[in-house]
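Chain and residue survey
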Amino acid sequence: MDLFFDRHRRLRTSDNIRAMVRETHLHTEDLIYPLFVLEEDGKRNAVKSMPGVHQVSLDYLDAEIDEVVNLGIRSIILFGVPKEKDEVGTEAYQQEGIVQRATRQIKANHPDLVVVADTCLCQYTSHGHCGVIKNQYVDNDATLPLLVQTAVTQAEAGADIIAPSNMMDGFVAAIRDGLDQAGYEHIPVMSYAVKYASAFYGPFRDAAHSTPQFGDRKTYQMDPANRLEAQREAESDVEEGADFLIVKPALSYLDIMRELKDRYPLPIVAYNVSGEYSLIKAAAANGWVDEREIVLEKLTSMKRAGADLIITYFAKDVAKWLNKG
Ligand code: PBG
């Protein structure tokens, strides 16, 4: 044969050679595990639409955290499921709020575990929106001080990172300023910089009881069709002082992740959201896909797209698989 062509397959001939030329690696340190803390006693409720995920009350929290820590996971992100809701999400910004109490409890036993506090109002408002409502519209500037109070009480409770997720304009600037004034200038802000109005959040709203009671979130979360708008959102957050940038959801937005990674010298975080989790769980339960293979492929693709960290409900499973080699 007199043809010239490249022999790409030379670098694929064995496990060891493939491992030597592998460009992207997934590590347990990359993972952030989301936890739903429930303001009730003696409950560990399975979330129906998210097999393997539970809402846990404070009396079950220590066992859950021990498991996470023993698996080598270094970080969790906390979502509160409060007992009481009202128009202005009062329970989000109380020293005795569920996330604040959970944070104190966790840090008392595991001071090294990095606790990320999700800073939003939707689980705490009676209408399920992420801010204060005026004339059926989420009022941006009236919401900011409540987010600041939420962030400061979370920092007081011992949260290591504040993660504002409600997509109000100026939320990073307001929270950065509030934290600084309260003496928490060392606490980083992990901003949900680019958050799309996504159908992939369905199962989460079930887990967090945060479905909007009227309308949708499209006046604050982004249109999935937009790419340049993601650049503008990220740029504002960087200017306002964000330390990490989250892209959410992950899988349908890998292009956006790559663009942010190329443009900003900040850690990029992929949020592998509830719908992305549940689709795989459902298919795997039917025996249609190999869960382990498909999860590792998907998370690896997020890292390849530029994510440094991944928030994922699969974190415990992945840690187990990686620990086994
Ligand atoms: C809102 C919030 C959402 C998620 C976490 N916080 C989205 C929403 O309900 O609009 C979704 C996370 C997931 O789907 O896993 N503050």
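Since the structure is predicted, the reported quantities are computational estimates derived from the model, not experimental observations.

When helices and strands are counted, the protein chain shows 11 helices and 12 strands. Across its three principal directions, the C-alpha atoms of the protein chain cover 75 × 45 × 40 Å. Counting the 325 residues in the protein chain, one finds 46% classified as buried. A separation of at least 24 residues holds for 74% of the contacts in the protein chain among residues at least 6 apart in sequence.

For the rest of this paragraph, the subject is the nonpolar core. Among soluble globular proteins, nonpolar side chains are generally buried collectively. Of all hydrophobic cores here, the largest spans 99 residues; its most connected members are Val37, Ile162, Val247 and Val269. Contacts of Val247, omitting those with residues within four sequence positions, involve Val194, Tyr253, Ile256, Met257, Leu260, Ile268, Ala270 and Tyr271.

What follows concerns the UniProt feature "binding site: 5-aminolevulinate 1" (unreviewed entry) in the protein chain. The positions UniProt marks with the feature "binding site: 5-aminolevulinate 1" (unreviewed entry) are Arg205 and Arg217. The residue Arg205 is located in helix 6 (residues 202-208) in this model. The contacts of Arg205, once residues within four sequence positions are left out, are Ser210 and Thr211. Its place among the elements puts Arg217 in the loop between helix 6 and helix 7 (228-240).

Here the focus is the site of the ligand. Of all residues adjacent to the ligand, which total 13 residues, the nearest are Cys120, Tyr201, Phe204, Val273 and Ser274. Of the residues in the shell around the ligand, the class split is six nonpolar, four polar and three charged.

Here the focus is the UniProt feature "active site" (unreviewed entry) in the protein chain. UniProt's feature table lists "active site" (unreviewed entry) at Lys195 and Lys248, given in the numbering used throughout. The annotated residues occupy 54 residues of the chain but converge on a single region, no pair of C-alpha atoms lying more than 4.9 Å apart. Looking at the element boundaries, Lys195 is found in strand 9 (residues 190-195). Residue Lys195 is classed as buried on the basis of its C-beta count, with 25 C-beta atoms lying within 10 Å. In this structure, Lys195 is in contact with Ser165, Met167, Gln221, Met222 and Lys248, ignoring residues within four places of it in sequence.

This part covers the pairing of strand 8 (residues 161-164). Neither face of strand 8 is open: one carries Ile161 and Ala163, the other Ile162 and Pro164, and all of them are buried. Direction of pairing for strand 5 (residues 114-119) relative to strand 8: parallel, over a ladder of four bridges. Its bridge partner being in strand 8, Val116 is matched across the sheet by Ile161.

A few words on helix 7. An ideal rise of 1.5 Å per residue puts 18 Å on 13 residues; helix 7 measures up with 19 Å between its terminal C-alpha atoms. Of all the positions in helix 7, only Ala230, Glu233, Ala234 and Asp237 are classed as buried. Each buried residue of helix 7 lies within a common arc of 95° when the element is viewed along its axis, so the set occupies one face. In helix 7, the exposed positions that point more than 90 degrees away from the buried face belong to Leu228, Arg232 and Glu239. Among the residues trailing helix 7, Gly241 stands out with phi positive, at a value near 110°.

What counts, and at which threshold
- Residues numbered from 1 in each chain as written.
- Predicted model: local features only at pLDDT ≥ 70, side-chain atom pairs only at ≥ 80, totals over all residues.
- Helix = DSSP H or I, 4+ residues; strand = E, 2+ residues; numbered from the N terminus.
- Buried ≥ 20, exposed ≤ 12 C-beta atoms within 10 Å, placed from the backbone.
- Contact = placed C-beta atoms within 7 Å.
- Core = buried A, V, L, I, M, F, W, Y, C linked by C-beta atoms within 7 Å.
- UniProt positions renumbered as here; feature names shortened; annotations may be inferred.
- Near = placed C-beta within 6 Å.
- Nonpolar A, V, L, I, M, F, W, Y, C, P; charged D, E, K, R; others polar.
- Pairing = 2+ DSSP bridges.
- Expected span 1.5 Å × (residues − 1).
- Arc of directions from axis to C-beta.

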